[in-house]
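Spelled out, the chains give:
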Amino acid sequence: MKKGLVILFAATLGLAACNNYKKGPGGLSYIIHKDAGGAKIKEGDIVKLNFIQKSEKDSVMFNTWDMDQPQVFPVAKKVYAGDMNDVLTLFGEGDSATFKLDLDTMAARSGQPKPPGTKDKYIVFTIKVEKVLAKKAGEADSTFQKQARDFFEQDYKASIEKKKGAEAGKIKKYIADNNLKTTTTASGLQYIISKPGDAVKPALGDTMMVNYTGKLTTKKSDGKDNIFDTSDEKVAKESGKHNAMAQYGPRPITLGRAIPGFDEGLQLIGKGGKITLIIPSSLAYGEGGMPQGGISPFSPLVFEVELSDIKKPSAAPVAQPGATVTPVTPAPTK
């Protein structure tokens, strides 16, 4: 789905979801935005979904459209009436819907406590059922599993090829949309130095104290920057990426241990310098991506970076004139 259509889709669902909810078992509430008229999902089917997961207060917790990474999973037997597996049986391929799962019912029926600190009564999902692979009556499990595996392997490969083919266009569009004048290195890294910093630049093994914000070249479905990591607490809170356990402020990064594009870019500035890096996936996370960090395969990355300090590695102690150096005696061989 194109980004503009995603934004329109999300906005339309947000308006529609304000009312007209139907009641279901287990405290479930739902509204179907589009009924494609296909067969409904049943236990044992394998589905491919795009979805937005939100808190009751409309805070986005997870968005597969922003990650460009739909989720594929089997529909299991319901634990209780109105749980996640049960509600999916209300929908079919091509359908879109919003539903609210009652967290109190979920905790009572599943034995899993509500998320710590939450005061919400519901967790809210807006979904689009992209594909349903249905198990035929009487079909052997082994036959169905092989069919499903083959189908989704081919589907995944096609998706990866599409991402690979779109990467250069994403970089070009980001540069044009932001009216940037970049310099390109032999590796393909593009950069803009806004402040060069001191003459001394980091060398391999140095520890760099770095303030940074990393984002994708594409916007989120709400039109905001698609930030996946930052050392700036304000930015983290604004982007929904805040972690109460994280230490914000300049972070230590050893040159030679970061992704190649980051290592290369940081060697272009000195202490106090600032640089924008546009890193192709070949210098970042490549065809594997980093799903747990919200980075899909063949994703180019953008980093806004400030190098606040450079710390040289500690030198090995040097023997002073006249000092006695005691050799280490090897242990006897048995």
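The structure under discussion appears in the preceding block.
As the structure is a prediction and not an experimental result, all values here were calculated from the model.

K.L.:
I'm lost on the environment of Gln71 in this one. Help?
P.N.:
Following the sequence through the fold, Gln71 ends up in strand β5 (residues 71-74). Sequence-wise, Gln71 and Asn50 are 21 residues apart; in three dimensions their C-alpha atoms are separated by 6.5 Å. Ignoring anything within four residues of it in the chain, the contact list for Gln71 reads Val47, Lys48, Leu49, Phe51 and Thr64. Within polar-contact distance, the side chain of Gln71 engages the backbone oxygen of Gln69 at 3.1 Å.

K.L.:
Would you explain the pairing of strand β10 (residues 207-219) in this entry?
P.N.:
Regular strands show a simple pattern: their side chains alternate between the two faces of the sheet. Pairing of β10 with strand β12 (residues 251-254) involves 4 bridges; the strand directions are antiparallel. Within β12, the residue paired with Val210 across the bridge is Arg251. In the sheet, β10 pairs with strand β14 (residues 301-311) via 10 bridges, with the strands oriented antiparallel. Its bridge partner being in β14, Thr207 is matched across the sheet by Lys311. Hairpin connection of β10 to strand β11 (residues 225-230): 5 residues between the antiparallel strands, including Gly223 at a positive phi of 90 degrees.

K.L.:
I keep staring at the pattern of salt bridges and nothing clicks. Help me out?
P.N.:
Where charged atoms from two side chains of opposite charge come close, those side chains can pair. The full count for this structure, using the stated rule, is 20 salt bridges. Of the charged contacts, one joins Asp104 and Lys121 as a salt bridge, the two residues approaching to 3.9 Å between their closest N and O atoms. On the criterion of sequence distance, the pair formed by Asp104 in helix α4 (residues 103-110) and Lys121 in the loop between α4 and β7 (122-133) is long-range, its members being 17 residues apart. Residue Asp104 is classed as partly exposed on the basis of its relative accessible area, which comes to 39%. By sharing partners, the salt bridges in this structure join Asp102, Asp104, Lys114 and Lys121 into a single network.

K.L.:
Before we go on, may I ask you to explain the packing of aromatic side chains in this structure?
P.N.:
Two aromatic rings, taken as a pair, are described by how far apart their centres are and by the angle between their planes. Throughout the structure, instances matching the rule amount to 9 aromatic pairs. Ring centres 5.6 Å apart and planes at 25 degrees place the aromatic pair Phe51 and Phe62 in the stacked group. A residue pair is termed long-range when its members are at least 10 positions apart, and Phe51 in strand β3 (residues 46-55) and Phe62 in strand β4 (residues 60-63) qualify at 11 residues. In this structure Phe51 comes out as buried when scored by relative accessible area, which is 11%. Residues Phe151 and Phe152 carry aromatic rings whose centres are separated by 5.0 Å and whose planes lie at 90 degrees to one another, so their mutual orientation is edge-to-face. Look at Phe152 and you get buried, because its relative accessible area is 13%. An aromatic cluster of at least three residues, connected via ring pairs, comprises Phe51, Phe62, Phe91, Phe99 and Phe125. One residue, Lys100, lies across the ring of Tyr122, its end atom 4.7 Å from the ring centre.

The rules behind these values
Residues numbered from 1 in each chain as written. Predicted model: local features only at pLDDT ≥ 70, side-chain atom pairs only at ≥ 80, totals over all residues. Heavy atoms only, no water. Helix = DSSP H or I, 4+ residues; strand = E, 2+ residues; numbered from the N terminus. Contact = heavy atoms within 4.5 Å. Polar contact = N/O pair within 3.5 Å; in protein donor to acceptor, adjacent residues only side chain to side chain. Pairing = 2+ DSSP bridges. Salt bridge = Lys/Arg side-chain N within 4 Å of Asp/Glu carboxyl O. Buried < 20%, exposed > 50% of the residue type's maximum accessible area, 1.4 Å probe, protein only. Phe/Tyr/Trp six-rings, centres within 6.5 Å; stacked < 30°, edge-to-face > 60°. Lys NZ or Arg CZ within 6 Å of the ring centre and 35° of its normal.

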